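Descriptive analysis of the structure
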Amino acid sequence: MAFVTDHKELVIGGVPVHRRLSRERNRLARVLVERLVTDVATYRRLPPGELAPDIHTVVEANIQAFAAAVRDRRVPDALGRQVGEQAAHGAEEGMPPEAVLTAFHLSFAECWRSLVRDAEPADLPDVIAFTELTMDYLRRVTETVAAAYFEERRRVSREDQDARYRLMSALLSGEPVEGLAASAGLRVPPAYVVMSLRTHPDEDAGESAVAARRKVQRMQRELEHVGEEPVLSLLDGTGGTVLIPGPLASGEAEALAARLSAAGRAEITAAVAEAEPAGVPAAVRQTRDILDVVRGFGHGPGVYRLSDVLLEYQLTRPTAATRELAALLDPLDDFPDLLLTLEAYLRHGRARRATAAGLHVHPNTLDYRLRRVAELTGLSPADDLALQRLAAAMAARKAG
């Protein structure tokens, strides 16, 4: 509700307040611009040429609008369009909302100080009325600025998201992207780090549609803090693909996966590869294949590259030898404990005691089982060459 009182002129220091505001608006605007540069870090970082004369003109117009409200002793239901336009401009330029609001607060605080410093004791009723009017006007300005600012940020965000989505779609399909990126104000880096993700279910939330959406939003917010160039992503509740302007330093992919896991509140398995823009489709296929290999061979969450799963990856590529290699372990089909023992022995790097502890058996029991593997397959785990064939056979069997 607008502030309304009687229409008697407010007089401070023998001069009607609205007339003094109108008469001194140019000086007040100059003082305010100087204070913005001194007191507000965002404005302090701007080149001097970007502050004047535009901002000076806007401030002067706002002071004049305030003078009219003081004259009428009433805050209008709709403020002048300069207020909303200035807020929208700040949002479009990426200025933080607190900087935009601070500019208005400093303006009206300076106006208030300039007038009440000359007040006499007899002016107290008008000083109180002027203070109340200033506070009500500032409240209305804050509402208008906040609404205009965030509406503009939503518009800019939608446009930015649309541009990023079109660029990522073009990269994934292998289309030329230079012209598309330039029209959207985006830069195409020499190479991308392609990261394919698989997120494990959020058991506490039951992975409802709402929980999945919130998980994705938290992960996308985390991606906004990666590097200086925009990160492109297509994510859903089960994972997705991320294109990071490369290169990444050693360990950065692992650190990012850890942050995404924390943001998504779920364990993450990721596969990464680096590619030039034209090679993104092939890199995406490769990283998705790596994820399939990692899952198929029972590897846990973490970050994987092709070099981490070379043997497993190669064995998942169909060849004439794959089936015969897997068949080396067919004699163990009726002895699941022997298959589990061989798998554990390979996983623990032939460490006898660690394997026995992992299987919760005595080391002598482990030795007996390994001898049985040798008897049934003709390949002894104690022989280096035979063990390589057993490992390859195990990988080929899992790939099948």
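Residues numbered from 1 in each chain as written. Predicted model: local features only at pLDDT ≥ 70, side-chain atom pairs only at ≥ 80, totals over all residues. Heavy atoms only, no water.

Now for the overall build of the protein. The helix and strand inventory of the protein stands at 17 helices and seven strands. Burial statistics for the protein: of 400 residues in total, 42% are counted as buried. Restricting to contacts in the protein with at least 6 residues of sequence separation, those with at least 24 account for 70%. (Helix = DSSP H or I, 4+ residues; strand = E, 2+ residues; numbered from the N terminus. Buried < 20%, exposed > 50% of the residue type's maximum accessible area, 1.4 Å probe, protein only. Contact = heavy atoms within 4.5 Å.)

The next thing to look at is the pairing of strand S6 (residues 268-275). Taking burial as the measure, the eight residues of S6 include seven buried ones, the bulk of the element. As paired strands, strand S3 (residues 192-199) and S6 are joined by eight bridges and run antiparallel to one another. The residue bridging Ser196 from the neighbouring strand is Ala271, located in S6. Relative to strand S7 (residues 302-304), S6 runs parallel, the two being bridged by three bridges. Looking at the pairing, Ala270 lines up with Val303 of S7. The parallel pair S6 and S7, bridged by helix H11 (residues 280-296), forms a crossover whose chirality is left-handed. (Pairing = 2+ DSSP bridges. Right-handed = clockwise from strand over helix to strand, strands pointing away.)

Here we come to the pattern of salt bridges. Here the idea is simple: oppositely charged side chains can pair when their charged atoms come close. Tallied over the entire structure, the rule returns 21 salt bridges. Measuring nitrogen to oxygen at the nearest pair gives 2.8 Å for the salt bridge that ties Glu143 to Arg139. One end of the pair is Glu143 and the other is Arg139, both in helix H7 (residues 124-173) and four residues apart, which spans about a single turn. By relative accessible area, Glu143 is classed as partly exposed at 42%. Two residues, Glu222 and Arg259, come together in a salt bridge whose shortest N-O distance is 2.9 Å. One end of the pair, Glu222, is in helix H9 (residues 209-223); the other, Arg259, is in helix H10 (residues 252-264), with 37 residues separating them in the sequence. (Salt bridge = Lys/Arg side-chain N within 4 Å of Asp/Glu carboxyl O.)

Further remarks concern the nonpolar core. Residues Val17, Leu21, Leu36, Phe66, Val70 and Phe130 are the most contacted members of the largest nonpolar core, which totals 37 residues. If you list the elements that add at least two residues to this core, you get helix H1 (17-23), helix H2 (25-39), helix H4 (54-72), helix H6 (97-116) and H7. Discounting chain neighbours no more than four positions away, the residues touching Val17 are Leu10, Val11, Ile12, Val70, Leu115 and Phe130. Listed in part, the 19 residues of the second largest apolar core include Val226, Val242, Ile244 and Leu260. (Core = buried A, V, L, I, M, F, W, Y, C linked by side-chain atoms within 4.5 Å.)

Our focus in this paragraph is the environment of Pro76. With respect to the helices and strands, Pro76 occurs in the loop between H4 and helix H5 (81-92). Classification of Pro76 by relative accessible area gives partly exposed; the value is 26%. The spatial distance from the C-alpha of Pro76 to the C-alpha of Arg140 is 8.8 Å, given a sequence separation of 64 residues. Those residues in contact with Pro76 that lie beyond four places of it in its chain are Ala69, Tyr137 and Arg140.

Once that is clear, we can look at the packing of H2 against H6. Between H2 and H6, whose axes approach to 10 Å, the crossing angle comes to 130 degrees. Our classification of the angle between H2 and H6 gives oblique. Regarding H2 and H6, the two cross each other, and that crossing is right-handed. Touching Arg27, Leu28, Val31, Leu32, Arg35 and Leu36 of H2 are Ala103, Leu106, Ser107, Glu110, Cys111, Arg113 and Ser114, all from H6. Broken down by class, the residue content of the contact of H2 with H6 amounts to seven nonpolar, two polar and four charged. (Axes fitted to C-alpha atoms, helices over the stretch in contact; angles between N-to-C directions. Parallel < 35°, antiparallel > 145°, perpendicular 65-115°, else oblique. Left-handed = near helix turned anticlockwise from the far one by under 90°. Nonpolar A, V, L, I, M, F, W, Y, C, P; charged D, E, K, R; others polar.)

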